Every structure is written in C-alpha cells, then in structure tokens.
Amino acid sequence: MLWSLLKILFFVVLIAALAMGAGLLMETDAGIRIAVAGTEITLGPLQAAIGALLLLVLVWLVLKLAGFLVALIKFLNGDETAISRYFNRNRERRGYQALAEGMMALASGEGRLAMSKAARAERFLNKPELTNLITAQAAEMTGDRKKAEAVYKQLLADDQTRFVGVRGLMKQKLADGETGVALKLAEKAFSLKPGHEETQDTLLRLQAEHADWIGARTTLNAKLKHGSLPRDVHKRRDAVLALSEARDVLADGKEIEAREAAIEANRLSPDLIPAAALAARTYIEQGKPRYAARVLKKAWEVQPHPDLAAAFAEIEPKESPEGRIKRFRTLTKSTPDNAETKMLMAELYIAAEDFPAARKALGDLPETDPTARVLTLMAAVERGEGSDDSVVRGWLTRALNAARGPQWICDNCGTVHGEWVPVCSHCKSFDTISWKSAPMGEVTMPHATEMLPLIVGSETPDLPVVAGADVEEATAEEVETPEAEEVEDSEKLVMDRS
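Note that the structure is predicted; figures quoted are calculated from it, not measured. (Residues numbered from 1 in each chain as written. Predicted model: local features only at pLDDT ≥ 70, side-chain atom pairs only at ≥ 80, totals over all residues. Heavy atoms only, no water.)

Another aspect to go through is the overall build of the protein. Helices and strands together make up the secondary structure of the protein, namely 24 helices and five strands. Counting across all 498 residues of the protein, residues that qualify as buried make up 40%. Taking the intrachain contacts of the protein between residues at least 6 apart in sequence as the baseline, contacts between residues at least 24 apart amount to 55%. Carbon and sulfur atoms provide 57% of the accessible area of the protein, an area that totals close to 28,000 Å². (Helix = DSSP H or I, 4+ residues; strand = E, 2+ residues; numbered from the N terminus. Buried < 20%, exposed > 50% of the residue type's maximum accessible area, 1.4 Å probe, protein only. Contact = heavy atoms within 4.5 Å. Areas by Shrake-Rupley, 256 points an atom, 1.4 Å probe, with all protein chains shown as cover.)

The following block contains the structure:
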C-alpha cells in the first residue's frame, strides 16, 4: 500500500516538473537560428528541444542499422553473432522439447516413439550423452538388443558416460547368461564408481557365484565403507565368505590355511552353524577339544542343529553310550525345550537301549510337532520296547506324510538344499540359506535322521534294522514319492529288538 502511494506521488511530481519546464521554455524569448545554403530557420525554445530529441532518435536508429549490417556480414561469414545465437537458441529449444517428449514416450512404454524423438533431439542438440541413453533404453524396450548394445558401446568413448555404457553392457550379458563376461564388466563398473550400490550388489553376487571369495570380501568392505551395508550384516556376510574360502582351501589340501580361515569365520559370526562345525573340527585336529566344545556350545545356544551335535560327538568318538549321554547334557542344558534337543537326547537314549527314557525325552513332540524324524524315533522306541509290528508300521506310515522339519532353505526362492551353501543353487542369491521348516511337499534333505550313527560312535555294536519289506506292500505302492524314499532310509534307524 505504501509503495503504491509512493509511486503515484513520484508520477505526479514528474508530470508537474515537465509541465513547469515546458512553461518556462515557452515564456523564454530566446531561440535557435539555423542557416543552411541561404535558407534560414528559426526555432523557438520548445521547438529546439523537440528537434534535439528527434535528432537523438535518428542517431540511435543509424547506429542500430549499422550494427545490424555488421552482424549480418559476420553471420554470412560464419562468425557467432546475435543472429546465430538466436537460431541456436531456437534449435536448442526444439531439441530439448524433443528430448522431453522422448523421455515421456519412454516412461509411457512407447519405445519406437521414444527412439524417433531421441533421433530428432540429437539433430538439434548434438549431445549424444543425453540422447543415446534414451535410444538405448528404447531399443531394449522394443527388443532391438543389437542397437542397444551398439549405443552402449558408443557411450564407452566418453568419460562422462563410460560407466553408463559399461553398466548397460553388463546387464545385457547377465540377461544372456554370460556371467563370466558380466563379472569382468561389473569389475570395470566398480572401478569407475566404487560407491554405486547396484554395481556393488551385482559384483558381489557374481564373485560369490564364481567362488572368488577374496574379491567378494573386497567388495563387501567397499559396501561397508560407502555406507550401503549395516555393520552387523557386513560381519555376518564376511563370515560366510571366510567360511567359503576355508572350504575351498581345505579342498585344495591346504589344511593350515583352511584352519585359520575356519576359525576366522567362527570369530566373525559365532552363530553361523557351518562355520562353528568346521572350526570345532579344526580345534579337534589341533588337539584342542575344550576350544571345540566351547565353539559348539556357543552356536548351540543360538540355534540347535544336527551338524553341531555331530561335531560335538567327534570330540570323544570312542566313549560309551552312557558317557555320551552325560557329556551331551552339557551341550543341551541351555535349550531343554528345543525340539532338536529333545530328538537328540532321544537318539542318545535309543543308542543306550534306554527306550523309556527316549520316550520321555521326546515328550509331546509326536503330538505337537510330528515330523518324519520324530515319528521314526517313536517307531524305534516302540520296536525297542517290544511292541507289535503293526504299531511300528503305524508310526512309519504316519512318517510318510509328515512334515520334514527344519532344513536348509533359500529365503529368496524357497529351494531346499541338502547342505548349507553360500549361494543358492537355484536363484544364485548370496547368503540366503537358513535353517527353517519348509511347507509340505517341498523337496527335503534325505539325511535329516541319519545323525544317529555319528552320535553313537564307531565303538557301538551294529544293531539289526527293520527291513523295508516289513512295511505293508500296499502302503509302499501307494506312496511312490521322494518322501517315501526318505522314510525307507529312516526305517534303518529302527532297531529290531526281537
């Protein structure tokens, strides 16, 4: 409001001053006399002022016309002028408009239209680092992979777009299944942009798939350095890589290096079951049973597992069944209510021929968690207590359709593995294998109940087993599945006490 009032006041003052000046000029008697070629012109004060203004305008127009003529001559000569800049701005405006339309077409899924707009933008802008990106993506959208590959290769020539070109070629090779070439391209992309999270993940997955554990640990450290991976996840995955490295070194016959890698893997992640089992066996070979027991107990507290029990049995391979039960209580005392603990103790009591204690150890598992392993153990208990064959066969028949219990399952695709592996054999995901129960009907681990011979030890006498023919032929004919084959293997654990 105040500013508007000031502007109005200023305008009024200016008009008043002009009017006052014009009045003074008209009242003045003096004038200007101009004589040209015998012609004399006399101008009054007001007329002289108007003439001076017209003269200034004329001089300004002459100067502008002269500047225009000079600019036209320079334009025709190829020099940069205002005229050339005008046309350049017009071309640039049309080019960016075509580029925007190309991006909209690409986002709308119109690949061919996007390629056409990108070509038009390239003619106006001459900026391939912008237009080639749209062209490559549009070519992939329309299925023209050769054109996309050619464009990505063009991007390699420019330092600003080299990473984009390498990444595009890498994704194409991954789609084609050429993981070896994709690994080399991922390494190049990683060297150009070490902090790019997608490149880090791709490179880590490919290195793990090709068993390049040293390179994978370098990539993993880069993810931690650039803040794309939490420290606890880094520690866990570093342990997985160290364990995988230990396995490969052990397969090459380098036992000392393998032992060091196994111990390091267990140190990084004490709850990693395969690392704990391998580290424990390493300590056993070194004559350090106490260290082995400590490692296994720590892992058992986090996740009871048959592999840990098997490694714990190897600490004292020649002990009696009764002594083994006593020693295993130190392992299982921290998890008395765990299902794996109950099944383990039942197996130990069966090995000691204490079948009532085995039944008591299983508790209510046959009702609350009737897995194939639990039901097979119940069949062994019934056989040991002298029950009829029909009772034993009843438990085994129930085991045919029972759940398999916890197994090594990929969290990403659900594939079941017979043993732990760092990379899923189906979806190639890294560090996605976990010990958990699978839905009914999944392919299962065939040796889930074959830990008993390891626990019993080599000094325990061989016991006769129930032959597969003891199961009713009708039941065997009805169930021709992988689960039936597994239960046939499990039947060998049922001891014949007759």
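Next comes the rest of the write-up.
Next up on the list: the sheet that holds strand E3 (residues 406-410). Pairing in this open sheet of three strands is antiparallel, and the strands run E4-E3-E5 from one edge to the other. The open sheet terminates on both sides in strands that have one partner only, identified here as strand E4 (416-417) and strand E5 (433-437). Relative to E4, E3 runs antiparallel, the two being bridged by two bridges. Paired with Trp408 across the bridge in E4 is His417. (Pairing = 2+ DSSP bridges.)

Let us now look at the side chain of Ser244. Inspection of the secondary structure puts Ser244 in helix H11 (residues 231-251). Look at Ser244 and you get buried, because its relative accessible area is 2%. Beyond its immediate stretch of four places on either side in the chain, Ser244 contacts Trp213, Trp420 and Pro422.

Extensive coverage of E3 is indicated by the burial of four of its five residues. As paired strands, E3 and E5 are joined by five bridges and run antiparallel to one another. Its bridge partner lying in E5, Ile409 is registered against Ser434. Where E3 folds back on E4, the antiparallel hairpin that results is connected by five residues, among which Gly414 adopts a positive phi of roughly 85°.

It is worth spelling out unusual backbone geometry at this point. For residues besides glycine, phi is generally negative; the peptide bonds are generally trans as well. A positive phi angle, near 60°, is found at Glu353, a position not held by glycine. Along the chain, Glu353 falls in the loop between helix H17 (339-351) and helix H18 (355-362). Positive phi is not limited to glycine here, since Asp431 has a value of about 55°. By the secondary structure assignment, Asp431 is in the loop between E4 and E5.

Turning our eyes to something else, we now look at the packing of helix H4 (residues 111-125) against helix H5 (residues 128-141). Pairs of packed helices are described in terms of their axes, by the angle between the two and the distance that separates them. Look at H4 against H5: their axes get within 8 Å of each other, and the N-to-C directions meet at 160°. Overall, the two elements H4 and H5 adopt an arrangement that is roughly antiparallel. The chirality of how H4 crosses H5 is left-handed. For the pair H4 and H5, the contacting residues are Gly111, Ala114, Met115, Ala118, Ala121 and Glu122 in the first and Pro128, Thr131, Ile134, Thr135, Ala138, Ala139 and Met141 in the second. Among the residues making up the contact of H4 with H5, the classes are represented as nine nonpolar, three polar and one charged. (Axes fitted to C-alpha atoms, helices over the stretch in contact; angles between N-to-C directions. Parallel < 35°, antiparallel > 145°, perpendicular 65-115°, else oblique. Left-handed = near helix turned anticlockwise from the far one by under 90°. Nonpolar A, V, L, I, M, F, W, Y, C, P; charged D, E, K, R; others polar.)

This part is about helix H21 (residues 389-400). An α-helix turns once every 3.6 residues. As a result, residues three or four positions apart point the same way. For H21, spanning 12 residues, the distance from its first C-alpha to its last is 17 Å, which sits close to the expected 16 Å at 1.5 Å a residue. Among the residues of H21, Val392, Trp395, Leu396, Ala399 and Leu400 are the ones counted as buried. One side of H21 carries all its buried residues, which in axial view fall inside an arc of 155°. (Expected span 1.5 Å × (residues − 1). Arc of directions from axis to C-beta.)

Time to look at the confidence of the model for the protein. Averaged over all residues, the pLDDT of the protein is 81; the fraction at 70 or higher stands at 81%. When pLDDT is averaged over each element of the protein, H17 comes out on top at 95 and helix H23 (residues 473-478) at the bottom at 32. Here residues 441-498 scores under 50 on pLDDT; set against residues more than four positions off or in separate chains, the count is 98 contacts. (pLDDT = per-residue confidence, 0-100.)

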